Amino acid sequence: MESESPSRSFSSASSTASPARQEEILSCKEEKACAQKTIASRIAQIFNKNPDTASNPSRRSTDLFEISETVGPEECDNKSEDESSSSSFEEVMKIMESRDQGSDIPSNLPGGVLLDQLYAIAPWDLNSLLFSLDSSFPKSIAELQGSTELQLGSWKFDNGGESLKRVITYIKAATKLIKAVRATEEQTYLRADGKVFAVLSSVSTPDVMYGSTFKTEVLYCITPGPECSSGEQTSRLVISWRTNFLQSTMMKGMIENGARQGLKESFEQYASLLSQNVKPVDSKEVGSNKEQVLASLQAAESQSDWKLAVQYFANFTVFFTFFMGLYVLVHIWLARPDAIQGLEFVGLDLPDSIGEFIVCGVLVLQAERVLGLISRFMQARGQKGSDHGVKAQGDGWLLTVALIEGSNLAAVDASGFSDPYVVFTCNGKTRTSSIKFQKSNPQWNEIFEFDAMDEPPSVLDVEVCDFDGPFDDATSLGHAEINFVKTNISDLADVWVPLQGKLAQACQSKLHLRIFLDNTRGGNVVEDYLSKMEKEVGKKINVRSPQTNSAFQKLFGLPPEEFLINDFTCHLKRKMPLQGRLFLSPRIIGFHANLFGHKTKFFFLWEDIEDIQIDPPTLSSMGSPIIVITLWQGRGIDARHGAKTRDAEGRLKFHFHSFVSFNAANRTIMALWKARSLSPEQKVRIVEEESEAKSLQSDESGSFLGLDDVIMSEVYSSVLSAPTSFFMEFFSGGELERKVMEKAGFLDYSQTPWESEKGDVYERQTCYKFAKSISRYGGEARSTQQRIPLSDRNGWTIEEVMTLHGVPLGDHFNLNLRYQVEDLPSKQKGCQVKVHFGIAWLKSTRNQKRITKNILQNLQGRLKVFVGVIEKEFATK
């Protein structure tokens, strides 16, 4: 009777309500319906319970009355939502999977990675273990960490079903510095597609000091891992964190350090407990799957020539040509020969009508196309072999690429197919696959091995081409770049690589690859590399601690095999100098700065660098030399925010200055750049030349020969259209001299003004560096020039004594040059130039003839460039 009284009051109120109270009546009706639904479910529970529960009717009626009075419309809605969320965790995950739109996997949070481990369990099962309500793992980890009063909320859809959330509350155990505090954790699914699961956890602890100013966010990311050798599925669990500050505070650094230390200890316990429930998988064990994968690929059979021929020639063009040829042959056999008429003679039968002429033309065109197909097939069949199965040589970093298949490759032929093959390039070495004829989804199953490298590779270039014959330019069907620095090698064990390019992007072309990178030298990689670099730098390089290397890898998101060589404090020159640190490793050069909380961070590969120059000190660089790094066009796009300028060719230029030790930084940068940028052939050639130069130097007696009169011989003579006065501008220190020396490949050219030595004799000094195109050693030339007028005619004599520095055996000789310039006879315009050359030997050597020949050839080439530029400048004046 008490449970019915609220419904009666609601009924009477609704019958006497005025129109102005319609909203109140409607709300009452909703409350009535909700109350009836609640009472009915309560009665059903009472009848389903044991007799002890239903023994007290008065208590039951009181409970029903309290429920009917307290339940409102909002609670009714929450009740229905709870009923929907009370469905099984698997059903909720299936709903999330159906709503997933293929969003990208969230990147790791900037605070760092707390756990990165492979486990022998499927991603779905690992997700259920960590986040299902039925799982005992959250309770076990709470007990292990000493947390109490754990309350796990149900998973509920929020924002109209767009996100799935739950709230967890507990009291964290007290530590040495902080007392026990209550924590509220809100977990939200960012992605759940059945294979990849990402959960963001936001933890707030308002009771701790400055707890209202920040929240600690932890990202759990579960992705599929490579298969084990036993075929068992694996999952990769990556846990990262950050501190999200809700308002600014002076204690930001202290809060971050405290949170970092606490999270590190907590997730060490987390990883330990998880490894007791799920078997961890070592990456080396997964790497052992390489042999099994490669063995299965080697078992694939190659396609026979007959099948290729049938596949290649089974088209309308071939059938039509064959039919027409057979038809014509039968016609010739049945028809009678015509009489010779018109311009015909014995052996030459011409068409007798326009129709015959057209038919002959069609037959010739068809025959030409078929013969072209046959020729192309035979040439391609001869090149059907590939680098598949070629074994790598040497010890070091061994790169193995398994080319499985292609998908949706672009068609460039009229047949709607292509003849694709793939070219892999790494560290200057290439590997080429076989040609698959008339395929848009080819199957290769081929294995390519690159010879062992001293350092881990940075980039693998992949180019898919269409075969058009051995002498035709290949048509690119797409290309891709696999960056080993930005990608974990374990993620490349089985990967689909999307191709770039107009044709590839239009067709959404992809390649299925399996890439393995192994080190066969053992664990002394760092020591061996640093000992080699010490010889190049000329300075001892200390091995960094594992903690420093780990922090360096986390800072730039680098793989575990990358290690720090050295770092320098410097300024990055942009609009305003920015102080930070320059980090150097075997594959990258990176910069990081943190100015009042504003972080600047970028890196690029050594292979991206085209040139490194040293600019002289300026006022803006605070009196320090500037290292100017120029990247190749189109490279280093991710680091463009750190570039000082971009030149007319689109190349980025980075300026670094104010090093504490400029010479040490410069030597280290140049040594690492040369070690990575030069091809293996260039490195071998330089080593041979340097060893040859050392052997030459070791054979010299080193005795001083004295400065005898040098024998000069004429090595160049030419008549110019320019007068003597214009040619002498080449020695005036003006614009013409600068253009000529720059065109000849002389860098950083400088000269002193002419000064009177005695009478009409003037003297000056010059200095310049050799470009790499002139001397691969670089080097520098310094000379003293004397200018003397001719006594008997209108002209000048320039005497020059030159010394070479920084080149092999450069201290064994001096170069002597004499330029003689005079006007032509009065009736002719222009001047005559003669150049005499000689070498003054300071030390004896058995290679005088060889050195003299090399210098003479180079000098004659430079003189031709000089004269050509002067003639051109005079013609345009």
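All values derive from a computational prediction rather than experimental measurement.

Some points on the overall build of the chain
Helix and strand content of the chain: 21 helices and 33 strands. For the chain, with 877 residues in total, the buried portion stands at 40%. Summarising the internal contacts of the chain: among those between residues at least 6 apart in sequence, 59% fall at separations of at least 24. Surface accessibility of the chain: about 49300 Å² in total, with carbon and sulfur atoms responsible for 53%.

A closer look at the packing of aromatic side chains
Summed over the entire model, instances satisfying the criterion amount to 35 aromatic pairs. With 5.9 Å between their ring centres and 80° between their planes, Tyr 529 and Phe 563 make a pair best called edge-to-face. Placement of Tyr 529 in helix H15 (residues 525–537) and of Phe 563 in the loop between helix H16 (546–556) and strand E18 (566–573) is noted, with a sequence separation of 34 residues between them. The same class applies to Tyr 529 as to Phe 563, namely buried. An angle of 65° between the planes, with centres 5.2 Å apart, marks the rings of Phe 726 and Phe 874 as edge-to-face. Taken together, the residues span a long stretch of sequence, with Phe 726 in helix H19 (residues 724–727) and Phe 874 in helix H21 (residues 848–876) at a distance of 148 residues. Residue class for Phe 726 comes out buried when judged on its relative accessible area of 6%. Residue Phe 874 is classed as partly exposed on the basis of its relative accessible area, which comes to 29%.

Brief notes about the pairing of strand E31 (residues 795–805)
Of the strand pairs in this sheet, strand E30 (residues 780–789) and E31 are connected by 10 bridges, and their pairing is antiparallel. Its bridge partner lying in E31, Ser 783 is registered against Met 802. Counting the residues in the hairpin turn of E30 and E31 gives five residues.

Points about helix H17 (residues 662–677)
Between the first and last C-alpha of H17 there are 22 Å, a value that for 16 residues agrees with the 22 Å anticipated at 1.5 Å per step. Of the residues making up H17, those classed as buried are Phe 662, Ala 664, Ala 665, Asn 666, Thr 668, Ile 669, Ala 671, Leu 672, Trp 673, Ala 675 and Arg 676.

Here's the deal with the sheet that holds strand E10 (residues 397–407)
An order of E13-E10-E17-E16 is seen for the four strands of this open sheet, with the pairing classed as antiparallel. Sheet topology places strand E13 (443–453) and strand E16 (495–498) at the edges, where each strand pairs with a single neighbour. Averaged over all neighbouring strand pairs, the angle between strand axes comes to 30°, with direction disregarded. When E10 meets E13, the two strands line up antiparallel, connected through seven bridges. Each bridged residue has a counterpart across the sheet, and for Val 401 the counterpart in E13 is Phe 448.

Brief notes about unusual backbone geometry
Phi is positive for Asn 427, which is not a glycine, with a value near 55°. The phi torsion at Ser 658 lies on the positive side, around 60°, for a residue other than glycine. Turning to its location among the elements, Ser 658 is positioned in the loop between strand E25 (652–657) and H17.

Here's the deal with the pattern of salt bridges
As enumerated under the stated definition, the model contains 24 salt bridges in all. Residue Glu 610 pairs with Arg 651 through a salt bridge whose shortest N-O separation is 3.0 Å. Placement of Glu 610 in strand E22 (residues 609–615) and of Arg 651 in the loop between strand E24 (645–646) and E25 is noted, with a sequence separation of 41 residues between them. Under the relative-accessibility criterion, Glu 610 is labelled partly exposed at 26%. A salt bridge links Lys 769 to Asp 748; its shortest N-O distance comes to 3.8 Å.

What to know about a nonpolar patch on the surface
A contiguous nonpolar surface patch, about 620 Å² in accessible area, is contributed by Phe 322, Leu 326, Val 330, Trp 333 and Leu 334. Note on Val 330: relative accessible area 39%, which makes it partly exposed.

Observations concerning a negative patch on the surface
Judged by side-chain charge, Asp 338, Asp 349, Asp 352 and Glu 356 come together as a negatively charged surface patch. With respect to the secondary-structure elements, Asp 338 resides in the loop between helix H12 (316–334) and helix H13 (354–382).

As for the pairing of strand E7 (residues 214–225)
Counting buried residues along E7, nine of its 12 residues qualify, which places the element largely inside the surrounding structure. When strand E6 (residues 197–204) meets E7, the two strands line up antiparallel, connected through seven bridges. Bridged to Val 203 within E7 is Thr 216. Here E7 runs beside strand E8 (residues 234–245); their pairing, made up of 12 bridges, is antiparallel. Paired with Gly 225 across the strands is Thr 234, a residue of E8.

Conventions and cut-offs
Residues numbered from 1 in each chain as written. Predicted model: local features only at pLDDT ≥ 70, side-chain atom pairs only at ≥ 80, totals over all residues. Heavy atoms only, no water. Helix = DSSP H or I, 4+ residues; strand = E, 2+ residues; numbered from the N terminus. Buried < 20%, exposed > 50% of the residue type's maximum accessible area, 1.4 Å probe, protein only. Contact = heavy atoms within 4.5 Å. Areas by Shrake-Rupley, 256 points an atom, 1.4 Å probe, with all protein chains shown as cover. Phe/Tyr/Trp six-rings, centres within 6.5 Å; stacked < 30°, edge-to-face > 60°. Pairing = 2+ DSSP bridges. Expected span 1.5 Å × (residues − 1). Axes fitted to C-alpha atoms, helices over the stretch in contact; angles between N-to-C directions. Salt bridge = Lys/Arg side-chain N within 4 Å of Asp/Glu carboxyl O. Patch = residues over 30% accessible without salt bridge, like charges linked within 9 Å, V, L, I, M, F, W, Y side chains within 5 Å. Lys, Arg positive; Asp, Glu negative; His and termini not counted. Charge placed at Lys NZ, Arg CZ, Asp CG, Glu CD.

Read these as spatial facts, not as claims about activity.
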